Each structure stands twice: as C-alpha cells, then as structure tokens.
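# Observations on the three-dimensional arrangement
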Amino acid sequence: MIIAKLAYKSLLNRRASVLLTLFTIAISVMLLLSIERVRIDAKSSFSNTISGTDLIVGARTGDIQLLLSSVFRIGHTNNGVSWKSYEYITSQRGVKWSIPISLGDSHKGQAVLGTTLDYFSHYRFAKKQNLTFNKGRPFAAINEVVLGSEVANKLGYKLNASIVISHGMGNTSFHHHDDNPFKVVGVLNPTGTPVDKTLHIPLAAIDLIHGGKASLVHEHEHEHEHEHEHEHEHEHEHDEHNNLVGHPKQITAFLMGFNSPLYTLQIRRNINQYKPEALLGIMPTVTLKELWEMLAIVEKILLLFSAVVVLISLLGMLTTLLANLSQRRRELAILRSVGARPWHLFTLISIESLLTTLLGCLVGSALYYLAIFSAGGYLQSHAGISVNITMLSYYELGLIGVIMAAGFIIGLIPATRAYFYSLSDGMSIKA
Amino acid sequence: MINLKNVTFKWHKSDSSPTLNIKELVIEKGERIFLYGPSGSGKSTLLAILAGINTVTSGEVLILNKNLSTLSNTTRDAFRADHIGYIFQNFNLLPYLSPIENVTLGCEFSKIRKQKILKQSSNKSAALQNEAIRLLNALGLTAQYHNKNVAELSIGQQQRVAAARAFIGSPELIIADEPTSALDTNNRESFIKLLFEQAKLSNSTLVFVSHDETLKPLFNRSIDLINLQEQV
C-alpha cells in the first residue's frame, strides 16, 4: 500500500521525464496496433475482393496476371476470349452462371466494365455478399450506366446524370466519344473492393464505344425491326437482353459458378486444354492466396518495423529508468533508512515501470482509435482497405499484453539494481 | 541498552589500523548521551555501527540485548526499522511527500511502531496522521507548514520534520547525527531541549553526536570519542 503510494507520488514528482517515457510507449503501442490493424484488414479486404466465383477464365497469361487484370483492374491483357469460346464453355454441363466482362475503357481514370445483368445477380464479394443498389436499378438500355459507390462520390454523379466514356485507359484519352453519352441509372453500395471504382455498362455498349455512332443507330434499327416482326412479349424480353449483350467479337474474361465444386477442376482442365484458343482458368481463392503470399514479405517487413518501434521505446524507458535510478539513489537510501527493505525498493521500481507501461498502453490504445477513426476514410478511399472500428481483438490485447510484459521485465533491471543498493552506499551520499 | 565490547571496525580488510577500536561502551536506557569528537574521529562510523548499517570487523555490539553482528541483513533491517529512529546530518526528507507524510513514513515500514501509535489512539484511521501532527507541533513546526512542499521549508524546519520522523512510533533508541550543525546557537539549544522532551515522552534513549563541544553541558553524560578509542 505505502509502496504504491510512494510509487505514485514519486512518478508525479518526476512527471516531465515520466510523461516523455509514457508518450514514447504510447506512440509505439499506437504504431504497432495501427500497422497490425492495417495489415490484417488489408489482407481481409484483399481476400474479400471476390468470393463465390469458382473459375475466372481469360486468355492464357499467368494466373496472377489474370486475377489482377480481371478482378483488381491492374494491368492489361492484350488478348481476350472470343465470344464463341465463351458461349461454348458456358454451355457445358454444370455451369450454373457466368458473367462476361470486358475491360479496357475508362472514365476520368475509373475503370469501365462491360458486362451483363448476371453481374448484378451473381457477382459476390466478402462473405458471399451480393452487390446491392444504394440508388436506382441495373442498366436496362444500352446507354445506361451503373456506378460503383466511390465513382459516384468522387465524381459527384447523381442519378440521371449524363456522362461520356472514352476509349482506352487513363484520364487524358485522346479519343473522346462525346457523341455517346451514358445516363446514370444506378449507384451501388460500397463494397471495399475494386467494384467501387468501376463504371458498369452493358456489354453491347463496349462495342458501341469502339464502333461509334453507326452501331448505335444500327442497334436501334435492329431493335425496331424485331419489334415489328415479333409482337410476342417473351420474344421482346429476349430481344432486350440480346440488345444489352450485343454481338461482341471478344471479351476480356469471364467468371463462372458451378452447380457443384466437383465441376470446377474438370472444367478448368478442359479450359486449359481448349484447342481453338489458348485459354486459362484460375480459381480465384487459390490465386488470391498465392498473390498474398507474394506480398507476405511486405507484411513481414511491416510487422518487423512495428516490433522495432516497440523495442526502441522500451529501451528508451530502460535508459530513462537507469538514468533516474542514479539520481534517485538518495531517495532510495532515505527509504532504506526509514526501514524499507531491499524488496520494498525492488517492488517500488517495478511498480513504477509497470505503471508507466500500463498508462503508455492505455494512452497508446486511445491514440490508436483516434488514428483509425480519422484515417479510416482515407484508407478506404485511397487504398481500398476497409478499416473496421471495433473493440480490441484478442490478438491486439495479446500484443498489448506482450508490451506490458516486456515493459515489466525491463523494469526488473533497474529494480534489481535498486535491490542491491546497500544502505551504507546511500548514507554516504551527501546532500 | 547499548553494550559494545572490544569492537574494531575496518572499512577494508586490508586497512592496516582500524577506523574504530572501542574496548567498552555502555549506555543505559533513558540516557541522553552527547558523543563528541573532531571531524574524522569516527563519529559517523560508530553511529553506523549502532544503527546496524555497518557491521563490526570484530567484537560484540548489543543493542536492546540483541547482538547485531549475528543478525542477518534482513533481520537487521527489520530491527532498525522497529527500534531505532535516526536523524541525519542532512535531514534526508523525500521531496515529493508533505512534511506529515514524511513523518508517517517513519513507521510505515514497522508494524511494531505502527501498533504503538494505534494502541494509544481511539481514531484508528487518522492515528498516524494525528501523531505526526502532534510531533511536528511539539518539535516546533506550526500547522501552516504541515502540508507545504518540503523544499519550501527552511533548514531548521526540515530538521524538525526529520526529528519528528525519528520519534514517531516511539523507538527505543534515537540517534542524531550532527542535526544542529546548520543552526545558530540559540536555535540549537531550543531544538535540543525539544528533542529531550520528546525522548522523555517516548521513553527513548538519545545518542547525540556533534563536534560542537559547547552543547556538552545540556546533556547528562558526554563521551569523548578520542578518549574512548583505544590507541593502537
């Protein structure tokens, strides 16, 4: 009791240096927790990008390259998959659904993806979540566009806005198609995946962008002809669907889901041995894992950095404690002279370092929440990492526990020295 | 009370002649002893031996019939905390405690001394505090200073706090190591008289060390350390 009181009062008396030590520890705790949180959330954001898709098929390249280009919109694939092959493969037994995607165009630096309505019903992310609409509906006509949440936010597009999509990637495309404006008919909810940064247009519209005005007119004429020829309701619907798909020669890639996982390996083998065209089928979960393993070195370096930061702060505490100890020899000698035993001094110094580490950890955790609270939005929008503000996980509590234990153990060093200070040492120090 | 026989003390085993060499020293209970001698005559060394801070090289040191040299370090620590109040030359107060807290510190590490206070008091929770206030008042530190920062007190006031800390819990032996060296003559005498009063009240034996022989008449016995030491 008296020791705790003495520790408290003594710390208060040396508050300047104690606060500095405390602050160093707090910052290191904050850094460690933040880095770990970003690391873990980056990993889960990463593996949450796509789910529920059994196979991604594209022109033959590397597995990771195909994944990057089709899911993350990173890099280009020069070759595509012919529409014929797409129709052939997706007509195989066991194919539950398929989503053709056509990439390569952009709007103000955001990727444009041509696809079918199946995209909105079958694309899954995170824990097999469907895409949901924040506003509006899926596209129903060739000149309609559905925006990812971030595109809408960043570019400030509202429903019914009219936008122009250019050919090619990049912000400053030479070839603008001012004559083909698209109407915004839907905005998706945020997903924390590249979907947020994507503009979705009907597959047929991709051809339209590339083919120019003529094809639009052609399509419309085509449509009218059909309407004249077939009055039947069902036929008309079928027509409209066809109209959205158009007659593409090739697509960038396509996603597939199967009735049973048993089909996955079999169809994948067939795809990889497909004669008419050099194709590649990848299982996204496997390739995501491979990709993450490639990035594991970065992950390890991050972890190493935060561990070093903690180590430095603890060494800083040790330095301060030891430096203080020689200044406090007289104080400790006084305590010995009024009857404190060596183990009292040992406890006193240990409690002090424990208290400093404890407070440092508390302040550090508070700073950490402040950091993820204020930087969460930035990470989401600039790195696509969705940082969740939750209670400290067991893992994080474990990290704090390790820091506390390390702080305590380090505190034992000066405590042991204090233990062996003999009374006569202290007595001989004059005021 | 105190009984020294054939005591020698060397700081280092290799020292050719001992710093202290006392054939016999007996101090009875309740005595007020003035121990004097010039600087370097071994006064502080003797006090350190009496307080059990240092152990003798040879001979026997009996305090309250306990042979200090046979006790272990821990028991000696406990013995000192329970039975000896020490007033240092430089007062040795903890700067981050108030005068009252500095005084109560004297019995925080000794159950025996705490019990002595609690036995006499009806208000158990404030017993230590009240006793500290009583001692500070008795030793001439008025209430206005009781909760001040120790560093703001004058040397004379700090010394009263140190004395009160030595007296709290009525230890059997009070050792005062030149506590008056920083005071002027008038203050010295009045301070010593206050020490006597307290020693009487708490039934303590007082060993007072100084090189200032003018204080000698105030005590009922004085010991010249030069004469006490056996010449080798």
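Residues numbered from 1 in each chain as written. Chains lettered and ligands numbered in written order. Predicted model: local features only at pLDDT ≥ 70, side-chain atom pairs only at ≥ 80, totals over all residues. Heavy atoms only, no water.

Glancing now at the packing of aromatic side chains. All told, the structure shown has 17 aromatic pairs over all chains when counted by the stated rule. Arranged with centres 5.1 Å apart and planes meeting at 45°, the rings of Phe208(B) and Phe219(B) form a pair that is tilted. Separated by eleven residues along the polypeptide, Phe208(B) in strand 8 (residues 205-210) and Phe219(B) in the loop between strand 8 and strand 9 (221-224) bring together distant segments of the chain. Just as Phe208(B) is buried, Phe219(B) falls in that class too. Each residue in the set Tyr119(A), Phe120(A), Tyr123(A), Phe133(A) and Phe139(A) is aromatic and connected to the rest through ring pairs, giving one cluster. (Phe/Tyr/Trp six-rings, centres within 6.5 Å; stacked < 30°, edge-to-face > 60°. Helix = DSSP H or I, 4+ residues; strand = E, 2+ residues; numbered from the N terminus. Buried < 20%, exposed > 50% of the residue type's maximum accessible area, 1.4 Å probe, protein only.)

As enumerated under the stated definition, the model contains 17 salt bridges over all chains in all. Across the pair Glu101(B) and Lys5(A) runs a salt bridge, and its minimum N-O distance is 3.7 Å. Residue Glu101(B) is located in helix 3 (residues 99-108), and its partner Lys5(A) is located in helix 1 (residues 2-13); the two belong to separate chains. Since its relative accessible area comes to 30%, Lys5(A) is described here as partly exposed. Here Glu178(B) and Lys43(B) are joined by a salt bridge, their closest N and O atoms 3.7 Å apart. Here the residue Glu178(B) occupies a position in the loop between strand 7 (173-177) and helix 7 (185-201), and Lys43(B) occupies one in helix 1 (residues 43-50), the gap between them amounting to 135 residues. According to the relative accessible area criterion, Glu178(B) is buried, its value standing at 7%. Where salt bridges share partners, they join Arg14(A), Arg328(A), Glu331(A) and Glu352(A) into one cluster. (Salt bridge = Lys/Arg side-chain N within 4 Å of Asp/Glu carboxyl O.)

Residue and element names in this part refer to chain A. Of note in this structure, Arg73 is not a glycine but carries a positive phi near 60°. Following the sequence through the fold, Arg73 ends up in the loop between helix 3 (63-71) and strand 2 (81-82). Even without a glycine there, the phi angle at Lys108 is positive, about 50°.

In an α-helix, one turn spans 3.6 residues, which is why side chains three or four residues apart end up on the same side. Residue and element names in this part refer to chain A. In this model, helix 10 (residues 261-272) (twelve residues) spans 17 Å end to end at C-alpha, consistent with the 16 Å of a helix rising 1.5 Å per residue. Those residues of helix 10 not exposed but buried are Tyr263, Thr264, Ile267 and Ile271. When helix 10 is viewed along its axis, its buried side chains cluster within an angular range of 110° and face the same direction. For helix 10, the exposed residues lying more than 90 degrees away from the buried face are Leu262 and Leu265. (Expected span 1.5 Å × (residues − 1). Arc of directions from axis to C-beta.)

On to empty space enclosed by the protein. This structure, assessed with the given rule, holds five cavities of 30 Å³ or more. Computed from the structure, the largest cavity encloses a volume of approximately 90 Å³. Lining the largest cavity we find Ser337(A), Val338(A), Gly339(A), Arg80(B), Ala81(B), Ile84(B), Gly85(B), Tyr86(B), Gly106(B), Arg113(B), Arg165(B) and Ala166(B). Breaking the lining of the largest cavity down by element, the ones donating at least two residues are helix 2 (73-83), strand 6 (84-87) and helix 6 (155-167) of chain B. Take the lining of the largest cavity: its biggest share by element is three residues, from strand 6 of chain B. (1 Å grid on protein atoms, 1.4 Å probe; cavity = no way out; pocket = protein on both sides within 12 Å on 5 of 7 lines; lining within 4 Å. Points joined across faces, edges and corners; volume = space filled by probe spheres on them.)

Looking now at the confidence of the model for chain B. Residue and element names in this part refer to chain B. Chain-level pLDDT for chain B is 86 on average; 98% of the residues reach the 70-or-more range. The spread of mean pLDDT over the elements of chain B runs between helix 8 (residues 225-228), the lowest at 83, and strand 8, the highest at 91. Confidence metrics for the complex model read pTM 0.71 and ipTM 0.84. (pLDDT = per-residue confidence, 0-100.)

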